[in-house]
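# Coordinates in review
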Amino acid sequence: MTNAEIADRLDAFATLLELGEANPYSQRAYRRAADTVRASAAPVDELVRSGRVRKLRGIGASIEAKLRELVETGAIAELDELERELAPGLVGYGRYLGIGARRSIELARALGVRTVDELRAAAAEGRLQDVPGVGPKTEARLRAALAGPVEPQGEAVVNLNRAGELVVAIAAALGGHPAGDVRRWADAPRRLAVVCAAADPAEVLERFAGLPQLVALVEREQRRALGVTVEGVPVEVVAAAPERLGTELVRATGAPAYVAALEPLPDGATEEAVYAALGVPWCPPELREAPWRGEPPPLVGLDDVRGDLHCHTTWSDGRASVEEMGRAAIARGYEYLAICDHTPAVGAVRGLSPDDVRRQGEEVAAANAALAPFRVLRGIECDILPDGRLDLPDDVLAELDWVQASVHGGQRMPRREMTARVQAALEHPSVCCLSHPTGRMLGRRPENALDLERVYALALELGVALEVNGLPDRLDLSGDHVREAIAAGVAITCSTDAHSTAGLGNMPNAVATARRGGATAADVLNTRPLDELLARRRAPGRPAG
């Protein structure tokens, strides 16, 4: 079994433990184990067989036993029992419709059904009205949903990383191509899609319906089907005629407004053939949001990035040492890495005092001696206090190579006060970059009330960069704000905010988000050589050139 397949089963187990109201600790343990397995560079099935799997973080005796059972038998008996008891197909479909998991389980038990088809038959027989708590409105909504296509309800329930893993795994299983929101690197993916070339569409759709990632098939047509995961995430597959693969890939990738502006799409076996027939240049997927027919800019690419300017270590809330983070950055082909641990005002985790910063500097120096010519930069993610002051003394900040300024607490400030707070920080001569500028957390917290036009003007005047943070729950700046920033002449950085060596792998998120804003390599500071980057470091009292 591949690591991805093992991780998917652990995730499914965690989800069913949640549905069964098991101990929350157990749910979290299996989620963490799934993340660990997914991120492992070593084949986990081999680690299980050799008795070394407990060397992985978070894998204890109980989870090891489940992994051994899965690797040796291809199944986990307790998981199979939970699937029989809890009807995950109906739970996934219910979540897709905006119905809570517990309510879906109650419906299944009251009606004695386990599948969407059985629920559809029960509704057709008028049995929904006999279920306690189902009134005429709920019955009508369910009957309408079961009778035909329905749009998913509520917020996107998976972030970009999880959506990407899901789509890539399904595409690999079917020999298809990722499409939809994931291929455009949308902030909050809702349309997950895979396009396959298929002379025999029925065979592809049958394999799709049997994939372990899916718990129910919601719709099926001759060359298209829609399935849902147990979390209620819809995934579409298009089984295109080979001579129309490019056509369907263009249609399934672009946002509706983009595709509508190109219609009618000509037949084409490749995207390039479709665009050529339309007489317009091929368009990078990240730019397929609004109508676009022009020549796209030479967007920044992952290979352009020379280093990561925001990561954490065990000095605050990271999981690796300075040298371990440096070695992981070298493995990614980087020339430099800025260590930017937290300061005390962050509150939720340990922050570095002035003495800590200087002691960490000794560790950075030792790492640089060991890793030369690679360079670890002494940096900090310094909190911006409510009055705009920074959370470390000026003399300490002046010693550092790279200073990220960040708002963490007090994010509900009114617009005027928040803007003044950020302005004061940008005016500090040691500040190089504003971290996750809007403070949003996708699906959990909206953007701060911040006058971004004022921030762009100040950043340009003062030579401060704005970060595109690659954490999948942030992606901040967004693509739209990147477009505004570069139009204003402001430099951006693409950084990961990594809290582990694996976290450095979020750089594609940051780069793709910058691409969504039309950024070229010239717009991104960390595509530049180190000496050029450090030359922007402002001397007290004057902006960088």
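Residues numbered from 1 in each chain as written. Predicted model: local features only at pLDDT ≥ 70, side-chain atom pairs only at ≥ 80, totals over all residues. Heavy atoms only, no water.

What follows concerns the overall build of the chain. Broken down by element type, the chain carries 23 helices and 12 strands. Here the chain has a C-alpha radius of gyration of 25 Å; the compact-globule value for 545 residues is 24 Å, and the two agree. Along the longest, intermediate and shortest principal axes, the C-alpha atoms of the chain span 75 × 60 × 45 Å. For the chain, contacts bridging at least 24 residues in sequence account for 67% of all contacts bridging at least 6. Carbon and sulfur atoms form 52% of the exposed surface of the chain, whose accessible area is close to 22700 Å². (Helix = DSSP H or I, 4+ residues; strand = E, 2+ residues; numbered from the N terminus. Rg over C-alpha atoms; globule rule 2.2 N^0.38 Å. Contact = heavy atoms within 4.5 Å. Areas by Shrake-Rupley, 256 points an atom, 1.4 Å probe, with all protein chains shown as cover.)

The complete set of buried residues in helix H7 (residues 101-111) reads Ala101, Ser104, Ile105, Leu107, Ala108 and Leu111. Buried positions in H7, seen along its axis, are confined to an arc of 160° and lie on one side of it. Packed against the buried residues of H7 are helix H1 (3-19), helix H5 (77-86), helix H6 (88-97), helix H8 (116-124) and helix H9 (136-147). Phi turns positive one or two residues past the end of H7, at Gly112, with a value near 70°. (Buried < 20%, exposed > 50% of the residue type's maximum accessible area, 1.4 Å probe, protein only. Arc of directions from axis to C-beta.)

Pairing is mixed across the open sheet formed by 5 strands, whose spatial order is S1-S2-S5-S4-S3. Where the open sheet ends on each side, the last strands, each with one partner, are strand S1 (177-179) and strand S3 (216-220). Strand-to-strand twist in this sheet, taken as the mean axis angle between neighbours without regard to direction, amounts to 25°. Two strands pair when backbone bridges link them, and S3 and strand S4 (residues 224-228) are joined in this way by 4 bridges, in the antiparallel orientation. Considered in S4, the bridge of Arg220 is made with Ala225. (Pairing = 2+ DSSP bridges. Axes fitted to C-alpha atoms, helices over the stretch in contact; angles between N-to-C directions.)

Within H5 the residues assigned to the buried category are Leu79, Leu82 and Leu86. Buried positions in H5, seen along its axis, are confined to an arc of 60° and lie on one side of it. With its phi angle positive at about 50°, Ala87 sits one or two positions after the end of H5.

Our next topic: the packing of helix H21 (residues 479-487) against helix H22 (residues 507-516). For the pair H21 and H22, the least separation of the axes is 7 Å and the interaxial angle reads 60°. Once H21 is placed against H22, the crossing between them reads as right-handed. Here Gly479, Val482 and Arg483 of H21 lie close against H22, whose contacting residues are Thr513, Ala514 and Arg516. For the contact of H21 with H22, the per-class residue count stands at 2 nonpolar, 2 polar and 2 charged. (Left-handed = near helix turned anticlockwise from the far one by under 90°. Nonpolar A, V, L, I, M, F, W, Y, C, P; charged D, E, K, R; others polar.)

Next up on the list: a positive patch on the surface. Residues Arg28, Arg32, Arg57 and Arg319 make up a contiguous surface patch of positive charge. Its location among the elements puts Arg319 in the loop between strand S6 (307-311) and helix H16 (322-331). (Patch = residues over 30% accessible without salt bridge, like charges linked within 9 Å, V, L, I, M, F, W, Y side chains within 5 Å. Salt bridge = Lys/Arg side-chain N within 4 Å of Asp/Glu carboxyl O. Lys, Arg positive; Asp, Glu negative; His and termini not counted. Charge placed at Lys NZ, Arg CZ, Asp CG, Glu CD.)

Taking burial as the measure, the 5 residues of strand S11 (residues 465-469) include 5 buried ones, the bulk of the element. Residues of S11 alternate between two faces, with Ala465, Glu467 and Asn469 on one and Leu466 and Val468 on the opposite face, all of them buried. Across 2 bridges, strand S10 (residues 433-434) lies against S11 in parallel orientation. Across the sheet, the residue bridging to Leu434 is Leu466, located in S11. Read as a crossover between parallel neighbours, the route from S10 over helix H20 (residues 452-462) to S11 is right-handed. (Right-handed = clockwise from strand over helix to strand, strands pointing away.)

Turning our attention to the packing of aromatic side chains. Per the stated rule, a full pass over the model turns up 2 aromatic pairs. Summarising the aromatic geometry, the rings of Phe13 and Tyr30 are spaced 4.7 Å apart at their centres and angled 85° between planes, so their arrangement reads as edge-to-face. With Phe13 in helix H1 and Tyr30 in helix H2 (residues 24-39), this residue pair connects regions lying 17 residues apart in the sequence. Each of the two residues, Phe13 as well as Tyr30, counts as buried. (Phe/Tyr/Trp six-rings, centres within 6.5 Å; stacked < 30°, edge-to-face > 60°.)

Right, let's talk about the packing of H1 against H2 for a bit. Where H1 contacts H2, the axes come no closer than 8 Å and their chain directions differ by 165°. Here H1 is positioned roughly antiparallel relative to H2, judged by the angle of their axes. Note that H1 runs across H2; the crossing there is left-handed. The segment H1 lies against H2, with Asn3, Ile6, Ala7, Asp8, Leu10, Asp11, Phe13, Ala14, Thr15, Leu17 and Glu18 engaging Ser26, Gln27, Tyr30, Arg31, Ala33, Ala34, Val37 and Arg38. Partitioning the contact of H1 with H2 into residue classes produces 10 nonpolar, 4 polar and 5 charged. (Parallel < 35°, antiparallel > 145°, perpendicular 65-115°, else oblique.)

What follows covers the state of the cysteines. Counting across every chain of the model gives 0 disulfides. Cys494 provides the cysteine sulfur closest to Cys283, a residue in no disulfide bond, and the two sulfurs are 19 Å apart. In this model Cys432 remains outside any disulfide bridge; the closest cysteine sulfur is found in Cys433, 8.0 Å from its own. (Disulfide = S-S within 2.5 Å.)

As a further point, take the sheet that holds strand S9 (residues 402-406). Pairing within the open sheet is parallel, and its 7 strands lie in the order S6-S7-S8-S9-S10-S11-S12. Strand pairing shows two members of the sheet lacking a second neighbour, S6 and strand S12 (492-495), which therefore form its edges. In this structure, S11 lies alongside S12, joined through 4 bridges in parallel fashion. Within the sheet, the bridge partner assigned to Leu466 lies in S12 and is Ile492. Across the sheet, H22 lies against S6, S11 and S12, angled at about 150° from S12, the strand it touches most.

Turning our attention to the side chain of Gln411. Checked against the element boundaries, Gln411 lands in the loop between S9 and helix H19 (415-426). Judged by its relative accessible area of 14%, Gln411 falls in the buried class. A distance of 2.7 Å separates a polar side-chain atom of Gln411 from the backbone oxygen of His408. Here Asn448 takes part through its side chain, which lies 3.1 Å from a polar atom of the side chain of Gln411. When residues no more than four places from it in sequence are discounted, the contact partners of Gln411 are Met418, Gly439, Arg445 and Asn448. (Polar contact = N/O pair within 3.5 Å; in protein donor to acceptor, adjacent residues only side chain to side chain.)

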